[in-house]
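Analysis of the macromolecular model
Residue strings, one per chain:
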Amino acid sequence: QRIAALDPARRARGVVVVMHQMGSHGPAYYRRSPPAFKKFMPECASNVLQDCPREQLVNAYDNTILYTDHLLASTVQWLERTGREKPVDTAMVYVSDHGESLGENNLYLHGLPYALAPQFQIHVPMLTWLSASMQARTGVRTECLQKQAAAPLTHDNLFHSMLGLLDINTGVYQPGLDLFSTCR
């Protein structure tokens, strides 16, 4: 509805929607998933993570992952419907802003300096979905992206990848940091 309410000329130039969900941010993991998505039980229902058995903490966290998976799938379904209703290129790029420690080595949450942070905090998921029309327009094919899925990336790649995917011409764009550039 908000996109439809935009000025048609502005909408015709393209729309980028940025969502930042609470997702798997602690310490209140149990508040990040609705009852229908609480498949892993019992879960830790406390903000004092050290007071919960590790299994319950992991259950609460896993429920947030299950709900995030639902949110992403619902977003892709909405984008697919949108693309069928009118000719528009659609895409979704998801990346977690950080990982979480769930008690490993008595560490919780995130926030350690990068050099000291355990892998749980710095290795995060990234997912890209491109409509068929977006793939046709950009030349970026899912098969190509799948072949480079194990390539090491950082959050630095996100900025340049979005510029490239959206055909934004600017002097700050660095093709070497555009994860889509090798698939065009």
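Structure shown above.
As the structure is a prediction and not an experimental result, all values here were calculated from the model. (Residues numbered from 1 in each chain as written. Predicted model: local features only at pLDDT ≥ 70, side-chain atom pairs only at ≥ 80, totals over all residues. Heavy atoms only, no water.)

With that out of the way, let us pick up the pattern of salt bridges. Applying the stated criterion to the full structure yields five salt bridges. Among the ionic pairs, D167 bridges to R137, the shortest N-O distance being 2.2 Å. Residue D167 is located in the segment after α6 (156–165), and its partner R137 is located in helix α4 (residues 132–138); the two are separated by 30 residues in the primary sequence. According to the relative accessible area criterion, D167 is partly exposed, its value standing at 49%. (Salt bridge = Lys/Arg side-chain N within 4 Å of Asp/Glu carboxyl O. Helix = DSSP H or I, 4+ residues; strand = E, 2+ residues; numbered from the N terminus. Buried < 20%, exposed > 50% of the residue type's maximum accessible area, 1.4 Å probe, protein only.)

Residues N157, H160, S161, L163, G164 and L165 constitute the buried set of α6. Of the surrounding elements, those touching the buried residues of α6 are β1 (91–95), β4 (126–130) and α4. Remark: D167 follows α6 within two positions and exhibits a positive phi of approximately 55°. (Contact = heavy atoms within 4.5 Å.)

Applying the stated criterion to the full structure yields two aromatic pairs. When the ring of F37 is compared with that of Y67, the centres are 5.0 Å apart and the planes differ by 65°; the resulting orientation is edge-to-face. Of this pair, F37 sits in the loop between α1 (8–12) and α2 (54–85) while Y67 sits in helix α2; the two residues are 30 residues apart in sequence, bridging distant segments of the chain. For Y67, a relative accessible area of 26% puts it in the partly exposed group. (Phe/Tyr/Trp six-rings, centres within 6.5 Å; stacked < 30°, edge-to-face > 60°.)

Tallied over the entire structure, the rule returns two disulfides. Linked covalently through their sulfurs, C44 and C52 form a disulfide whose S-S length is 2.0 Å. Measuring the twist about the S-S bond at about 60°, one finds the C44-C52 disulfide to be right-handed. Accessibility assignment for this pair places C44 and C52 in one class, buried. Across the protein chain, the way the bonded cysteines pair up, counted in sequence order, is 1-2, 3-4. (Disulfide = S-S within 2.5 Å.)

Functional significance is not addressed by these values, which are geometric in nature.
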